[in-house]
Amino acid sequence: MSGTALSGPHRSERKRDGGKKAIRLGPRSVAALALVSAIGVVAFGWPLFAPGDSGITTHAADAPWLFAALLPLLLAVVVATIADTGLDAKAVAMLGVLAAAGAALRPLGAGTAGIEPMFFLMVLSGRVLGPGFGFVLGAVSMFASALLTGGVGPWMPFQMLAMGWVAMGAGLLPGAARLRGRAESLLLAGYGAVASVAYGTVMNLQGWTLMQGMASGISYVPGDPLGDNLARFVAYCLATSLGWDLPRAVVTMVLTLTLGGPVLRALRRATRRAAFEAPVAFEDR
């Protein structure tokens, strides 16, 4: 009898913890994310298709324009997510707290040999917050960390986009409402490893175009056929960044497997107390 009497609140607690904790995407959020992602893809990849005599062959000149476009687009994603889900200031406050935590984690490794603990927090936060807020969190965290570490340069808006995609991808993984425990940690660890390598590969597109003529076997050649440039790009990644990307993947996996469970529970508890997506109900007294 006592077990039955106690089962109601505990069952309700388990239901809230195992229910919809990720902030879902509505049509306006999808449109905003699609727009910012499309601009990001063009910003990263357009040099591959630029004619050799165009005179525009690097990312150094377009970075300020990309940054200027990125800020209002990030705001648009936040506004669209709030409009679609009915979130309030508490959600935005939590976004700011997590962004500050991510920015504080980045200097711990400072990119040395790929030791970047920031990635595991972005993956776990994106899983709990959902793709919309996850994208904004990744971008804002990278921006804040650049200010904190003095890493402001033409690469910064590209880093913001790439980290936003990392956190957004975690929010798009399946089983957000049901998958828990070791299985979820393994899923996130695997995703974190792939995303860590993908981040480095995508960021190479930004720096690779600056290497024109420096080494014929791996450097970017404006106007060359796409297949030839892609072959050189792969060689460039293998020769330069793989030594950082693989350790980053290992660090992200290890941190996710060892700390993922407690961090996920803390994040879900915080979102529950912030009443993310909680319906408003009026009771008669």
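Residues numbered from 1 in each chain as written. Predicted model: local features only at pLDDT ≥ 70, side-chain atom pairs only at ≥ 80, totals over all residues. Heavy atoms only, no water.

Caption draft 1: Structural detail: a nonpolar patch on the surface. Nonpolar side chains collect at one region of the surface, where Val234, Leu238, Leu242 and Leu246 lie side by side and expose about 350 Å² of accessible area between them. Secondary structure elements with two or more residues in the nonpolar patch: helix 9 (226-240) and helix 10 (242-273). By the secondary structure assignment, Leu242 is in helix 10. (Patch = residues over 30% accessible without salt bridge, like charges linked within 9 Å, V, L, I, M, F, W, Y side chains within 5 Å. Areas by Shrake-Rupley, 256 points an atom, 1.4 Å probe, with all protein chains shown as cover. Salt bridge = Lys/Arg side-chain N within 4 Å of Asp/Glu carboxyl O. Helix = DSSP H or I, 4+ residues; strand = E, 2+ residues; numbered from the N terminus.)

Caption draft 2: Representation of the pattern of salt bridges. Per the counting criterion, the structure on display carries six salt bridges. Put simply, Glu116 and Arg248 hold a salt bridge, and the shortest N to O gap is 2.8 Å. Highlighted residues: Glu116 in the loop between helix 4 (89-109) and helix 5 (118-129) and Arg248 in helix 10, separated in sequence by 132 residues. The same class applies to Glu116 as to Arg248, namely buried. Connected through salt bridges with shared partners, the residues Arg127, Arg180, Glu184 and Arg268 form a single ionic network. (Buried < 20%, exposed > 50% of the residue type's maximum accessible area, 1.4 Å probe, protein only.)

Caption draft 3: Expanded view of the nonpolar core. If you look at the biggest cluster of nonpolar residues, it comprises 59 residues, and the most contacted ones within it are Phe44, Phe135, Met163 and Tyr199. With ten residues, the top contributor of residues to this core is helix 7 (residues 156-171). Leave out the neighbours within four places in its chain, and Phe135 touches Leu33, Val36, Leu74, Leu161, Gly164, Trp165, Ala167 and Met168. (Core = buried A, V, L, I, M, F, W, Y, C linked by side-chain atoms within 4.5 Å. Contact = heavy atoms within 4.5 Å.)

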